[in-house]
Amino acid sequence: SVARLQENLSEAQRSRKAAISKLIDAHAAELLTVTPYSDDGRRVIELVSELYDLNDLRALAKKLVSEAGVVALLAIPGEKAQLMFARNADLSALNLNPPLKAALAVLGQGRGGGTPDFVQGGGIPATTAQCEAALSAAKTAF
């Protein structure tokens with residue numbers, strides 16, 4: 001019966017992963033559809049959501065920035081809030097480290113870093129409103 005329970009758990013985990021993947025694909029498509037290009041040719045997508053965990057958020061970011069001209073500013077609020085910023089390779093002049101530092105300053109503390117095209121940080125308590133303010137600060141930093 002333990003083997004049967006392990007198999008049921010494995011099947012449930014596979015089903016969850018498939019469902020989350022479909023959700024990410026649909027959510028990315030919706031965000032790309034509703035976010036217009038700015039005058040400088042970028043689409044800056046801002047999202048604060050408790051729906052995703054860090055791995056799911058990374059998958060969403062990768063999906064979004066596979067499109068030309070897209071910058072994704074994503075956050076998960078909570079006791080250990082996380083910020084994740086990514087950009088398409090065609091925006092090579094945009095370094096995402098300064099926007100991350102600006103966002104973390106709004107939250108009052110936190111650590112983070114990464115490459116010019118993908119950064120993440122946080123690990124501190126932050127509400128949805130605080131995360132939204134942090135994303136706004138990040139957007140004005142580039």
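Owing to the predicted nature of the structure, the values given are computational and were not obtained by experimental measurement.

Enquirer: Would you mind showing me how to read the confidence of the model for the chain here?
Expert: When pLDDT drops low, the exact placement of atoms in the prediction is not to be read closely. Looking at the chain, pLDDT values average 95 and 100% of them are 70 or higher. For the chain, strand S4 (residues 111–115) is the element with the lowest average pLDDT, namely 94, and strand S2 (residues 70–76) is the one with the highest, namely 98.

Enquirer: Would you mind going over the pairing of strand S5 (residues 118–126) with me for this structure?
Expert: As a general feature of sheets, a regular strand has side chains that alternate between the two faces. Bridge analysis of strand S3 (residues 78–87) against S5 gives seven bridges, and the strand direction is antiparallel. For glutamine 82, the partnering residue across the bridge sits in S5 and is glycine 122. Bridge count between S4 and S5: five bridges; the pairing is antiparallel. For glycine 114, the partnering residue across the bridge sits in S5 and is valine 119.

Enquirer: Help me understand helix H3 (residues 97–107) in this model?
Expert: A turn of α-helix holds 3.6 residues, and therefore any two residues three or four places apart point the same way. Along H3, the residues classified as buried are Asn97, Pro99, Leu100, Ala103, Leu104 and Leu107. Down the axis of H3, the buried set is contained in an arc of 155 degrees. They therefore lie on one face. Turned more than 90 degrees away from the buried face of H3 sit Lys101 and Ala105, all of them exposed. Where the residues of H3 are buried, they touch S3, S4, S5 and helix H4 (128–140).

Enquirer: How do you make sense of the pairing of strand S1 (residues 43–48) when you look at a structure like this?
Expert: Within S1, five of the six residues are buried, which leaves the element mostly enclosed by the surrounding structure. Pairing analysis gives six bridges linking S1 to S2, with the strands arranged parallel. Residue isoleucine 45 lies in a different strand from S2, and its bridge partner there is alanine 72. Regarding topology, helix H2 (residues 54–64) serves as the crossover connection from S1 to the parallel S2, and that connection is right-handed.

Enquirer: Help me out: how do you make sense of H4 in this one?
Expert: For H4, built from 13 residues, the straight-helix expectation of 18 Å at 1.5 Å per residue is met to within 8% by its first-to-last C-alpha distance of 19 Å. Buried residues in H4 make contact with S1, S2, S3, H3 and S5.

Enquirer: What is the right way to look at the sheet that holds S2 in this model?
Expert: Strand pairs in the sheet, formed through backbone hydrogen bonds, run parallel or antiparallel to each other. Spatially, five strands are ordered S1-S2-S3-S5-S4 in an open sheet, and the strand pairing comes out mixed. The open sheet has two edge strands with one neighbour each: S1 and S4. Each adjacent strand pair in this sheet contributes to an overall mean axis angle of 10 degrees, direction not counted. Sheet strands touched by H3: S3, S4 and S5. Its angle to S5, the strand with the most contacts, is close to 5 degrees. On the sheet, H4 packs against S1, S2, S3 and S5 and is oriented at approximately 160 degrees with respect to S1.

The rules we used
- Residues numbered from 1 in each chain as written.
- Predicted model: local features only at pLDDT ≥ 70, side-chain atom pairs only at ≥ 80, totals over all residues.
- Heavy atoms only, no water.
- pLDDT = per-residue confidence, 0-100.
- Helix = DSSP H or I, 4+ residues; strand = E, 2+ residues; numbered from the N terminus.
- Pairing = 2+ DSSP bridges.
- Buried < 20%, exposed > 50% of the residue type's maximum accessible area, 1.4 Å probe, protein only.
- Arc of directions from axis to C-beta.
- Contact = heavy atoms within 4.5 Å.
- Right-handed = clockwise from strand over helix to strand, strands pointing away.
- Expected span 1.5 Å × (residues − 1).
- Axes fitted to C-alpha atoms, helices over the stretch in contact; angles between N-to-C directions.

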